[in-house]
Amino acid sequence: MTRTRRTRTAAAEAGTDPTDGGSAVIDFAFLAVLLAVPMVYLIVTVARIQAASYAVAQAAREAARVVVTTPSGAEPLARARTAAALAFEDQGFPAPDGAVAAGTVNASGPGTIQLDCGGAACLQPQNTVTLTATISVDLPLVPAAISQVVPMRLPVSATHRLVVDRFRSGP
C-alpha cells in the first residue's frame, strides 16, 4: 500500500495522472486533422490559381508571338487560338472554343483571348499587337448553394505586347 501511494504521489508531483493513459494521442490526432484539412484545401486552391496564372501568361505570350510571325496570307486569329489552346490545356484548363470573331476568341469555355491591333492592320510593319488572355478559376469543393454569397470564380488575366517586325512585307 505504501508503494502505490508513493507512485500516485510522484505522478501527482510530476503533473501526470496515471489514469490518463493515451488521451494525448487522441487529442493530437484530432488537432492534426482539424488543422490539416484547411491547410490541404488552401494548398489545392493556391495551386489551381497558380496554374491559371501560368496558363494565361503562356497563352498571351505564345499567341502574340504567333500573330506577329504569321506569314502573309495566313489567318493570325486562328493561329493565336491554337497557340492559346495549347497553353490552356498544358495547365489543365479547357481551351477556348467556338468561332474566331473580330479580334476576340470566343469565351464559351473558362478561357478567352482577345487580340487588339491598335486600329491598324495586325500585320502592318511596326504595329503593336496586344493580346490578353483571361481565365476564370473555380474554387474547389465550394457548393453551388453558396454561390449567391461567396464568389466561386476568380478571374486571372495576362497581357502581352509585341511589335511587328519593321522589315516585314505588307499584310
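Residues numbered from 1 in each chain as written. Predicted model: local features only at pLDDT ≥ 70, side-chain atom pairs only at ≥ 80, totals over all residues. Heavy atoms only, no water.

Visitor: I tried to follow unusual backbone geometry on my own but got confused; where do I start?
Guide: Among all residues except glycine, the phi angle is most often negative; among peptide bonds, the trans geometry is most common. Phi at Gln126 takes a positive value of approximately 70°, unusual for a residue other than glycine. Mapped onto the secondary structure, Gln126 falls in the loop between strand E3 (111-116) and strand E4 (128-138). Overall, the relative accessible area of 48% leaves Gln126 in the partly exposed class. The phi dihedral of Leu141 is positive, around 65°, even though this residue is not glycine. In this structure, Leu141 sits in the loop between E4 and strand E5 (153-163). Taking relative accessible area as the criterion, Leu141 reaches 79% and is therefore assigned exposed. (Helix = DSSP H or I, 4+ residues; strand = E, 2+ residues; numbered from the N terminus. Buried < 20%, exposed > 50% of the residue type's maximum accessible area, 1.4 Å probe, protein only.)

Visitor: Got a minute to help me understand the packing of helix H2 (residues 23-68) against helix H3 (residues 76-90) in this structure?
Guide: In a pair of packed helices, the angle between the axes and the distance between the axes together describe the arrangement. Running from amino to carboxyl end, H2 crosses H3 at an angle of 155°, the nearest separation of the two axes being 8 Å. Our classification of the angle between H2 and H3 gives roughly antiparallel. Considering the relative orientation of H2 and H3, their crossing is right-handed. Mapping the contact onto sequence places Ala55, Val56, Gln58, Ala59, Glu62, Ala63, Val66 and Val67 in H2 and Pro76, Arg79, Ala80, Ala83, Ala84, Ala87, Phe88 and Asp90 in H3. For the contact of H2 with H3, the residue count by class is 12 nonpolar, 1 polar and 3 charged. (Axes fitted to C-alpha atoms, helices over the stretch in contact; angles between N-to-C directions. Parallel < 35°, antiparallel > 145°, perpendicular 65-115°, else oblique. Left-handed = near helix turned anticlockwise from the far one by under 90°. Contact = heavy atoms within 4.5 Å. Nonpolar A, V, L, I, M, F, W, Y, C, P; charged D, E, K, R; others polar.)

Visitor: I keep staring at the side chain of Thr130 and nothing clicks. Help me out?
Guide: With respect to the secondary-structure elements, Thr130 resides in strand E4. One polar contact links Thr130 to Arg161, side chain to side chain, over a distance of 3.4 Å. Contacts of Thr130, omitting those with residues within four sequence positions, involve Gln114, Leu115, Asp116, Thr159, His160 and Arg161. (Polar contact = N/O pair within 3.5 Å; in protein donor to acceptor, adjacent residues only side chain to side chain.)

Visitor: I would appreciate a short explanation of the packing of aromatic side chains in the present structure.
Guide: Centre distance and the angle of the planes are the two values used to describe a pair of aromatic rings. A complete count under the given rule lists 0 aromatic pairs for this structure. Over the face of the ring belonging to Phe93 we find Arg48, whose NZ or CZ atom lies 3.9 Å from the ring centre. (Phe/Tyr/Trp six-rings, centres within 6.5 Å; stacked < 30°, edge-to-face > 60°. Lys NZ or Arg CZ within 6 Å of the ring centre and 35° of its normal.)

Visitor: Any chance you could explain the nonpolar core here in plain terms?
Guide: Soluble globular proteins tend to bury their nonpolar side chains together. Counting 28 residues, the largest nonpolar core has Phe88, Phe93, Leu115, Leu131 and Ile135 as its most contacted members. Looking at this core, the elements with two or more residues in it are H2, H3, E3, E4 and E5. Broken down by element, this core gets its largest block of residues, 10 residues, from H2. Apart from the residues within four sequence positions on either side, Ile135 is in contact with Ala52, Val56, Phe88, Phe93, Pro110, Gly111, Leu154, Pro155 and Val156. (Core = buried A, V, L, I, M, F, W, Y, C linked by side-chain atoms within 4.5 Å.)

Visitor: Looking at this structure, I do not really get the pattern of salt bridges. What am I missing?
Guide: When the charged atoms of two side chains lie near each other, side chains of opposite charge can form a pair. Taken as a whole and judged by the stated rule, the model has 3 salt bridges. Salt-bridge contacts for Glu62 lead to Arg65; the nearest nitrogen and oxygen are separated by 3.5 Å. Of the two residues, Glu62 and Arg65 both sit in helix H2, 3 residues apart, roughly one turn of that helix. Looking at Glu62, the relative accessible area reads 24%, which means it is partly exposed. Looking at Arg65, the relative accessible area reads 38%, which means it is partly exposed. In this structure, Arg153 and Asp138 form a salt bridge, with 2.6 Å as the shortest nitrogen-oxygen distance. Here Asp138 lies in strand E4 and Arg153 lies in strand E5, a separation of 15 residues in the sequence. Residue class for Arg153 comes out partly exposed when judged on its relative accessible area of 43%. (Salt bridge = Lys/Arg side-chain N within 4 Å of Asp/Glu carboxyl O.)

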